[in-house]
Amino acid sequence: MKCSMAVQTEVTLQNIGYVSDLGPHMKVAWAGFEKNWICAVHTVIRKSDMGHIWAKRSDLSHFSLQLFNDYLIPLPHFAANRPKSLLVYINPYGGKQRGKRIYEQKVAPLFHRACISADVIVTEHANHARDHLKTEASLEKYDGVVCVGGDGMFSEILHGLVTRVQTDHGVDQNQPDAELVPCSLRIGIIPAGSTDCICFATVGVNDPVTSALHIIIGDSQPVDVCSVHHKDIFLRYSVSLLGYGFYGDLLTDSERKRWLGPARYDLSGLKTFLSHNYYEGTISFLPAEDAVGSPRDKLQCRSGEKPDKDGSGWNVMRGKFIAINAANMSCACPRSPKGLSPSAHLADGTLDLILVRKCSRLDFFRHLLRHINTDDQFDHSFVEVHRVRMFHFQPLYQESISLDDLNETPKKTGCSPMCPAPTACSYNTIYSSWTCDGEILPHAAIQVSVQCQLIRLFARGIEEQ
Ligand SMILES: CCCCCCCCCCCCC/C=C/[C@@H](O)[C@H](CO)NC(=O)CCCCCCCCCCCCCCC
Ligand SMILES: Nc1ncnc2c1ncn2[C@@H]1O[C@H](COP(=O)(O)OP(=O)(O)OP(=O)(O)O)[C@@H](O)[C@H]1O
Ligand SMILES: [Ca+2]
């Protein structure tokens, strides 16, 4: 590869170097080498006034060769973590349909300068990326997989990769207590969706260039993955939000409004808020009594910690819930910069279970409002939050059919969700649905367990401001 700038000095590293903390604003530098000659120097600076946004600077004017040699050359181990070959999947229809343009204009030129080769697949249909990863992709050729799209597209990559690794190792995903094998390939997320919660909650910002730089310098952030089963049948994996009630109904409604783009969430949010449904069921959970911190300790997760040992003793609660939210990470996103559970940890083997019991519309509004201001959203009598390793949910009435079996969604009858004779009521007033990272699950009764650090992202958690 020919790089643009030639500097006549001999160096000892063969390929690419990396250096961090050159000063308050200059975080990282890397250089391209060709046959032991420096051929390009790129500095990654952190824009101090813009939080987590990083940018690239490719001139030598602020960067003396002396400084460069002093800091870069003694750090060869960083070079080993940097990917050289990537498999990139682009969803051309996610978010505002800008995935392809974002990759071509902002990301591909950076990969090229960093001497990273990329095989690019622009998906042609939903589940294209998942199925390709599951069976076809020659993964041994790559150092990482890149997802250009939103949370739904990330979910495809997650399912493709995790399933492939389990199949290769003979692990049966239908066993809820199976010990899953962690994925060795790291995943990079170039945000190009509607919510991009997983990128925001692991990097601190939704910015394609920042994410590309985390990939280039080879950052690594382990992340917990929740496995979701129904009666010992595997349903899906989740890394961000599993939500029943408010968010389940909101997502179900918003899927019918995809043509509206990201605005669909606001419209469906308002509609779901006005419906003010609640659902009865039993939630059983295994508290993570020995976990690091608690959901209300106001300590934002920056990188994740490992648990010491399992908690013990199941708690069982029956109730009428407006929302049951299981947050495996903070679920911070531009709509709610601190997220559903601001102190949730990325990689500690736990999730934060938030139970919002039946309350007035005004009280629920107050609770929602606290997701966008600095007040504590858990400080209400009708809200409780538990840090857990596993949970089960059973709706009040046994499901005799799955949501999949219903050809059309029945109209709401106006009868209460507490209808004593469920057969006389419509399905969707008795049951809500679970949203699992934005996808709707076909069952209301589920078992969930957290798989500690099952995947790794090209990220470094949320940095100190
Ligand atoms: C009064 C203002 C209240 C604002 C409350 C904002 C809370 C926002 C919390 C966002 C949590 C996002 C969690 C991310 C989950 C992702 O795995 C998933 C896949 O992308 N996205 C969504 O589920 C997409 C979820 C989209 C959520 C949009 C919520 C919009 C709520 C609007 C409520 C309107 C109330 C109006 C009252 C007059
Ligand atoms: N070529 C394609 N055609 C149609 N759908 C696709 C294609 N490729 C991927 N998909 C599907 O599109 C869905 C939405 O994609 P994506 O997550 O990228 O955007 P989004 O839903 O707008 O963003 P977010 O999930 O962040 O809210 C995903 O569930 C994915 O399975
Ligand atoms: Ca977690």
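Conventions we followed
- Residues numbered from 1 in each chain as written.
- Chains lettered and ligands numbered in written order.
- Predicted model: local features only at pLDDT ≥ 70, side-chain atom pairs only at ≥ 80, totals over all residues.
- Helix = DSSP H or I, 4+ residues; strand = E, 2+ residues; numbered from the N terminus.
- Expected span 1.5 Å × (residues − 1).
- Buried ≥ 20, exposed ≤ 12 C-beta atoms within 10 Å, placed from the backbone.
- Axes fitted to C-alpha atoms, helices over the stretch in contact; angles between N-to-C directions.
- Parallel < 35°, antiparallel > 145°, perpendicular 65-115°, else oblique.
- Left-handed = near helix turned anticlockwise from the far one by under 90°.
- Contact = placed C-beta atoms within 7 Å.
- Nonpolar A, V, L, I, M, F, W, Y, C, P; charged D, E, K, R; others polar.
- UniProt positions renumbered as here; feature names shortened; annotations may be inferred.
- Near = placed C-beta within 6 Å.
- Domains from an automatic or database assignment.
- Pairing = 2+ DSSP bridges.
- pLDDT = per-residue confidence, 0-100.
- Core = buried A, V, L, I, M, F, W, Y, C linked by C-beta atoms within 7 Å.

## Some points on the environment of Tyr278
Here is step 1 of the chain: Looking at the secondary structure, you find Tyr278 in the loop between helix H9 (264–275) and strand E12 (279–287).
Here is step 2 of the chain: Each C-alpha atom of the pair Tyr278 and Ser155 lies 28 Å from the other, and the pair is 123 residues apart in sequence.

## Comments concerning helix H5 (residues 151–168)
Here is step 1 of the chain: Taking 1.5 Å per residue as the helical rise, H5 with its 18 residues ought to reach 26 Å, and the 25 Å between its terminal C-alpha atoms agrees with that figure.
Here is step 2 of the chain: H5 sits mainly inside the fold: 13 of its 18 residues count as buried.
Here is step 3 of the chain: Directly beyond the C-terminal end of H5, a positive phi value near 65° is found at Gly170.

## Comments concerning the packing of helix H8 (residues 246–255) against H9
Geometry of a packed helix pair, given as the angle between the helix axes and the separation of the axes.
Here is step 1 of the chain: H9 packs onto H8 with a crossing angle of 130° between their chain directions and a minimal axis gap of 8 Å. One way to sum up the angle between H8 and H9 is to call them oblique. Here H8 and H9 pass one another in a crossing that is right-handed. Contacts between H8 and H9 involve Phe246, Asp249, Leu250, Asp253 and Ser254 from the first element and Arg264, Tyr265, Ser268, Gly269, Lys271, Thr272 and Ser275 from the second.
Here is step 2 of the chain: Among the residues forming the contact of H8 with H9, the class breakdown is 3 nonpolar, 5 polar and 4 charged.

## Examining the UniProt feature "domain: DAGKc" (unreviewed entry) in the protein chain
Here is step 1 of the chain: Under the UniProt annotation, "domain: DAGKc" (unreviewed entry) lies at residues 81–232.
Here is step 2 of the chain: Structurally, residues 81–232 comprises 39% helix and 22% strand, and the distance from its first C-alpha atom to its last is 38 Å.

## Topic: unusual backbone geometry
Here is step 1 of the chain: With a phi close to 60°, Gln97 is a non-glycine residue in the positive phi region.
Here is step 2 of the chain: Assignment of secondary structure puts Gln97 in the loop between strand E5 (85–90) and helix H3 (99–113).
Here is step 3 of the chain: Under the C-beta neighbour-count criterion, Gln97 is labelled exposed, with 12 such atoms within 10 Å.
Here is step 4 of the chain: Positive phi values are uncommon outside glycine, yet Gln453 reaches one of about 55°.
Here is step 5 of the chain: Assessed through the 18 C-beta atoms surrounding it within 10 Å, Gln453 is described here as partly exposed.

## Here's the deal with the site of ligand 1
Here is step 1 of the chain: In the vicinity of ligand 1, 26 residues are found, and the nearest of them are Asp151, Thr195, Gly269, Ser336 and Gly438.
Here is step 2 of the chain: Where the shell around ligand 1 is concerned, the elements lending two or more residues are H8, H9 and helix H10 (361–369).
Here is step 3 of the chain: Considering every element that reaches the shell around ligand 1, the biggest residue donor is H9, with 5 residues.
Here is step 4 of the chain: Classifying every residue of the shell around ligand 1 gives 14 nonpolar, 8 polar and 4 charged.
Here is step 5 of the chain: When residues of the shell around ligand 1 are sorted by domain, at least three fall in each of domain 2 (83–219) and domain 3 (229–398 + 425–453).

## Concerning the site of ligand 2
Here is step 1 of the chain: Around ligand 2 sit 22 residues, and of these Gly94, Gly149, Gly150, Gly152 and Gly193 come closest.
Here is step 2 of the chain: If you tally residues by element for the shell around ligand 2, the top one is H5, at 4 residues.
Here is step 3 of the chain: By residue class, the composition of the shell around ligand 2 is 4 nonpolar, 14 polar and 4 charged.

## Let's talk about the environment of Arg186
Here is step 1 of the chain: When you line up the elements, Arg186 lands in strand E8 (residues 186–191).
Here is step 2 of the chain: A tally of 26 C-beta atoms within 10 Å means that Arg186 is categorised as buried.
Here is step 3 of the chain: Apart from the residues lying within four places of it in its own chain, the contact partners of Arg186 are Gly144, Ser220, Arg456, Leu457 and Phe458.

## Points about the domain arrangement of the protein chain
Here is step 1 of the chain: Each domain of the protein chain was delimited in the assignment, giving domain 1 (16–80), domain 2 (83–219) and domain 3 (229–398 + 425–453).
Here is step 2 of the chain: Put simply, the middle of domain 2 and the middle of domain 3, counted by C-alpha atoms, are 25 Å apart.
Here is step 3 of the chain: Listed as interface residues are 22 residues of domain 2 and, on the opposing side, 25 residues of domain 3.
Here is step 4 of the chain: Listing elements by their share of the side of domain 2 that touches domain 3, those giving two or more residues are H5 and helix H6 (197–203).
Here is step 5 of the chain: Looking at the side of domain 2 that touches domain 3 element by element, the count peaks at 6 residues for H5.
Here is step 6 of the chain: The residue makeup of the side of domain 2 that touches domain 3, split by class, is 9 nonpolar, 10 polar and 3 charged.

## What about the pairing of E5?
Consecutive side chains along a regular strand alternate between the two faces of the sheet.
Here is step 1 of the chain: With 5 of its 6 residues buried, E5 lies for the most part within the structure.
Here is step 2 of the chain: Alignment of E5 against strand E6 (residues 117–122), held across 6 bridges, turns out to be parallel. Bridge pairing in E6 links Val88 to Val120.
Here is step 3 of the chain: Sheet topology note: the E5/strand E7 (residues 144–149) ladder contains 5 bridges and is parallel. Bridging from a neighbouring strand, Ile90 pairs with Val148 of E7.

## Re the environment of Pro83
Here is step 1 of the chain: With respect to the helices and strands, Pro83 occurs in the loop between helix H2 (76–81) and E5.
Here is step 2 of the chain: Sequence spacing of Pro83 and Val239 is 156 residues, and the spatial spacing of their C-alpha atoms is 23 Å.
Here is step 3 of the chain: Residues within four places of Pro83 in sequence aside, it is in contact with Ile116, Asp143, Gly144, Ile215 and Gly218.

## Remarks on the confidence of the model for the protein chain
Here is step 1 of the chain: Averaged over every residue, the pLDDT of the protein chain is 80; the share at 70 or more is 73%.
Here is step 2 of the chain: Every residue in residues 304–311 scores below 50 in pLDDT, and together they form 27 contacts with partners more than four places removed in sequence or on other chains.
Here is step 3 of the chain: A low-confidence stretch, residues 406–424 (pLDDT under 50), is modelled with 27 contacts involving residues beyond four sequence positions or located in other chains.

## Structural notes on the nonpolar core
Here is step 1 of the chain: Grouped together as the largest cluster of nonpolar side chains are 103 residues, with contacts concentrated most on Cys147, Val148, Ile157 and Ile190.
Here is step 2 of the chain: In this structure, this core is formed jointly by two domains, domain 2 (83–219) and domain 3 (229–398 + 425–453), each of which donates at least three residues.
Here is step 3 of the chain: If we ignore the near neighbours within four places in the chain, the residues touching Ile157 are Tyr89, Ala129, Leu133, Val145, Cys147 and Ile187.

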